[in-house]
Amino acid sequence: MKKRGFAVLLAIGIGLMVAGSGFAADKPVKIGFVYIMSGPFATYGQFAKQGAELAIDEINKAGGINGRKVEALFEDSTGKPDVGIRVIRKLVYENEVDVVMGLDSSGVAAAVAPVMPELKTPLIITHAATPDVTGSKCNRYTFRISLNINQNLAIAAAIATDLKAKTWTTAGPDYSFGHQSWEYFQKYLSKKKPDAVFLPASDVAFSPAATTDFSAFITKIMNSKADGVLVSLWGGNLIDFVRQAGDMGFFDGKREVLMTLGAATEVLYALKEKMPEGIWVGTRYWFQANDTPINKAFVDAYLKRFNVYPSYNAHGAYGSVKAYAAAAAKAKSVDKEKIVSALEGLSIELPVGKITIRPEDHQAVTDGVWGKTAADPKMPIRILKPIKAFAGKDITPPASESGCTMK
C-alpha cells in the first residue's frame, strides 16, 4: 500500500511538473535536421542550425506544437549522397523523428528524395535547389520551401537580358547543380535575348567540389571570348574562387559577372572587402529586402542571439520549422500522413514573404532577390544596392512544366 501510494504521489508530481512547463504529457515532437556540418561548406550547416534553434525556441516558448515540446536532432550529411541516406534512415528508424528537414547539396537531395516514400516520413528541403526533387523525382513525402534552380536562374536571365554581355560562359561545380544552373540559364536567356551566344561545353569551367586552386579555371575563362560569366559556385568553393579571381584581375570590368548564390551571408562574412563591388549576386533570402514586421522581428532576434545577420540557409531552416508548425496546427496532429496532406497547398507568411507550397509538385512559390554588391561603412559585410525583388508567381514555371507526376 505504501508503494502504491508513493507511485500515485509520484505520478501526480510529474503531472504537475508537465503542466507547469506548459506542455502536454505526450512525448515531444522530434524534428531531424540534415545539413553539411563539416568541411568547406560547414558554415551553411552552422547558419541553418542557428535558424532552426531560433524557430524551435520561439515555438516552445509559445506552448510548442499542439501543446507538445519540440526537440531537434542534427546530423551531418558531409555533402555525400550515401551518407545523407544513411543518417536520414537513422533519424527515422532509431530516433523516431516526426519529420526531416534540410539538405544542402543537390546531389544529396536527388538521392534522398526517392527514399522518402519507403520511410513514409515528410521531408522539407530548405536549401538544395535541383529541380528534380520537385520534378522527375517528386513524391508525396518530399517538399521544398526555398527557391529551386529554375526560379533563381529565371531571375539571372532577366538581369542578364539588360546587360551588355553577348557571349556567355560559366564557372560552376562539376555535378548536377552546376550543370543544371548553366542549362537553365541558357534556356531562359535565349528566350529573352535570342542573339545571346553561349560557349560550348568544352570551353566552360566546371570544377570538382574538392577544388581549392581555381587558377586554371579562372585562366580558362579569362582567355575565352566570353564577356559574360555565370558563376554557380557556392560555399567554400565560391570563397576560394573570388579570392583567387580578385588576385588574378578577373574583376577588371571587362566582363559581366553573375553569381547565383553570391549573396549568401556565409560567403559575404568570409570575404568581407574581398568581395568586389558592383557584381550582380543572387540569394534565396536577403535580410534587408523585406520591411514587414515578421522579417524585422526575425532579423533582430537572430542578430541579437548570434551576432551575425541571417543567411538564406538560416532562413530556410527557420521557415521550415514554422511551416511544419503551421501544418500541424492545420491538421491538428503530427501524424505523418496528415502532415503531408496539410503541407500540400499550405500558405504561410515567412520573413521572406508569403510562400505557397503547390500541391501538384510540392515546390514553394516564393519571391526571389538579387542585387549588386556595395560597400556600406555601417555594415560588416557587402550589402545589395540596388536590390531587385522578383515575385514568386513571375519566376516559377507552371507545375505542368516541372516534370512531376505525383503518386
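Presented here is an overview of the structure given in this document. Worth saying up front: this structure is predicted, and the values here are computed from it rather than measured.

### Points about the overall build of the chain
From N to C terminus, the chain includes 14 helices and 16 strands. A compact globule built from 407 residues should have a C-alpha radius of gyration of about 22 Å, and the chain, at 22 Å, falls within 12% of that. Summarising its shape, the C-alpha atoms of the chain cover approximately 90 × 50 × 35 Å along the three principal directions. With 407 residues in all, the chain has 55% of them scored as buried. Here the analysis covers contacts within the chain between residues at least 6 apart in sequence; of these, 70% occur between residues at least 24 apart.

### Some details on the packing of helix α2 (residues 42-61) against helix α12 (residues 312-331)
It is at 7 Å that the axes of α2 and α12 come closest, and there the two elements cross at 35°. Seen along the crossing, α2 lies across α12 with a hand that is right-handed. Packed against α2, whose contacting residues are Y44, G45, F47, A48, G51, A52, L54, A55, I56, E58 and I59, the element α12 presents Y312, N313, A314, A317, Y318, V321, K322 and A325 at the interface. Per-class residue counts for the contact of α2 with α12 are 14 nonpolar, 3 polar and 2 charged.

### Brief notes about the state of the cysteines
Applying the stated criterion across every chain yields a total of 1 disulfide. Paired by a disulfide, C138 and C404 hold their sulfur atoms 2.1 Å apart. Taking the sign of the S-S torsion, about 85° here, the bridge from C138 to C404 comes out right-handed. Of this pair, C138 sits in the loop between β4 (123-125) and β5 (142-144) while C404 is found in the segment after α14 (392-395), placing the two residues 266 residues apart along the sequence. Classification of C404 by relative accessible area gives buried; the value is 17%.

### Quick notes on the sheet that holds strand β13 (residues 353-357)
Spatially, the 3 strands line up as an open sheet ordered β12-β13-β14, and their pairing is antiparallel. Each having just a single partner strand, β12 (347-350) and β14 (364-365) make up the two edges of the open sheet. Both β12 and β13 contribute to a ladder of 4 bridges, which runs antiparallel. Within the sheet, the bridge partner assigned to L350 lies in β13 and is G353.

### With respect to the packing of aromatic side chains
According to the stated counting rule, one finds 19 aromatic pairs in the structure shown. Aromatic side chains F41 and W234 sit 4.4 Å apart centroid to centroid with 40° between the ring planes, which places their arrangement in the tilted category. Of this pair, F41 sits in the loop between β1 (29-35) and α2 while W234 sits in the loop between β9 (228-231) and α9 (235-247), and the two are 193 residues apart along the sequence. Here the two residues F41 and W234 agree in accessibility, since each one is buried. Relative to F198, the ring of W182 lies with its centre 5.8 Å away and its plane at 80°, an arrangement referred to as edge-to-face.

### Considerations on the nonpolar core
Core analysis: the biggest nonpolar cluster contains 137 residues, and L103, W168, F185, F241, L258 and Y324 have the highest contact counts within it. The greatest single-element share of this core, amounting to 10 residues, is contributed by α12. The residues touching Y324, leaving out its near neighbours within four places in the chain, are V29, I31, I65, D98, V99, M101, I124, V334 and I339.

### What about the sheet that holds strand β2 (residues 70-76)?
The sheet built from 5 strands is open, its strands ordered β2-β1-β3-β4-β5 with parallel pairing. If you trace the sheet from one side to the other, it starts and ends with β2 and β5, each paired once. Looking at each pair of strands side by side, their axes are set apart by 25° on average, direction ignored. Here β1 pairs with strand β3 (residues 99-102) via 4 bridges, running parallel. Across the sheet, G32 pairs through a bridge with V100, a residue of β3.

### Side note on the pattern of salt bridges
Applying the stated rule across the entire model yields 10 salt bridges. Its salt-bridge partner being E53, residue K49 comes within 2.5 Å of it at the nearest N-O pair. A residue pair is termed a helical-turn pair when its members lie 3 or 4 positions apart in one helix, as K49 and E53 do in helix α2 at 4 residues. Of the residues examined, K49 reaches a relative accessible area of 28% and is grouped as partly exposed. Here E53 falls in the partly exposed class, since its relative accessible area comes to 22%. With its nearest N and O atoms 2.9 Å apart, the salt bridge here joins D300 to K296. Of the two residues, D300 and K296 are both situated in helix α11 (residues 293-306); the distance of 4 residues between them amounts to about one turn of the helix.

### Brief notes about the packing of α12 against helix α13 (residues 336-343)
Interhelical geometry of α12 versus α13 gives an angle of 105° and a closest axis separation of 8 Å. In this view, α12 runs roughly perpendicular relative to α13, as classed from their interaxial angle. Note on element contacts: α13 touches α12 through K338, I339, A342 and L343, opposite A323, Y324, A327, A328, K330 and A331.

### Describing α11
Taking 1.5 Å per residue as the helical rise, α11 with its 14 residues ought to reach 20 Å, and the 20 Å between its terminal C-alpha atoms agrees with that figure. Turning to α11, its buried residues number three or more, namely N295, F298, V299, Y302 and F306. Buried residues of α11, seen end-on, are gathered within an arc of 95° and therefore sit on one face of the element. With respect to the buried face of α11, the exposed residues turned more than 90 degrees away are P293, K296 and K304. On its buried face, α11 sits against α2 and α12. Phi turns positive one or two residues past the end of α11, at N307, with a value near 65°.

The rules behind these values
Residues numbered from 1 in each chain as written. Predicted model: local features only at pLDDT ≥ 70, side-chain atom pairs only at ≥ 80, totals over all residues. Heavy atoms only, no water. Helix = DSSP H or I, 4+ residues; strand = E, 2+ residues; numbered from the N terminus. Rg over C-alpha atoms; globule rule 2.2 N^0.38 Å. Buried < 20%, exposed > 50% of the residue type's maximum accessible area, 1.4 Å probe, protein only. Contact = heavy atoms within 4.5 Å. Axes fitted to C-alpha atoms, helices over the stretch in contact; angles between N-to-C directions. Left-handed = near helix turned anticlockwise from the far one by under 90°. Nonpolar A, V, L, I, M, F, W, Y, C, P; charged D, E, K, R; others polar. Disulfide = S-S within 2.5 Å. Pairing = 2+ DSSP bridges. Phe/Tyr/Trp six-rings, centres within 6.5 Å; stacked < 30°, edge-to-face > 60°. Core = buried A, V, L, I, M, F, W, Y, C linked by side-chain atoms within 4.5 Å. Salt bridge = Lys/Arg side-chain N within 4 Å of Asp/Glu carboxyl O. Parallel < 35°, antiparallel > 145°, perpendicular 65-115°, else oblique. Expected span 1.5 Å × (residues − 1). Arc of directions from axis to C-beta.

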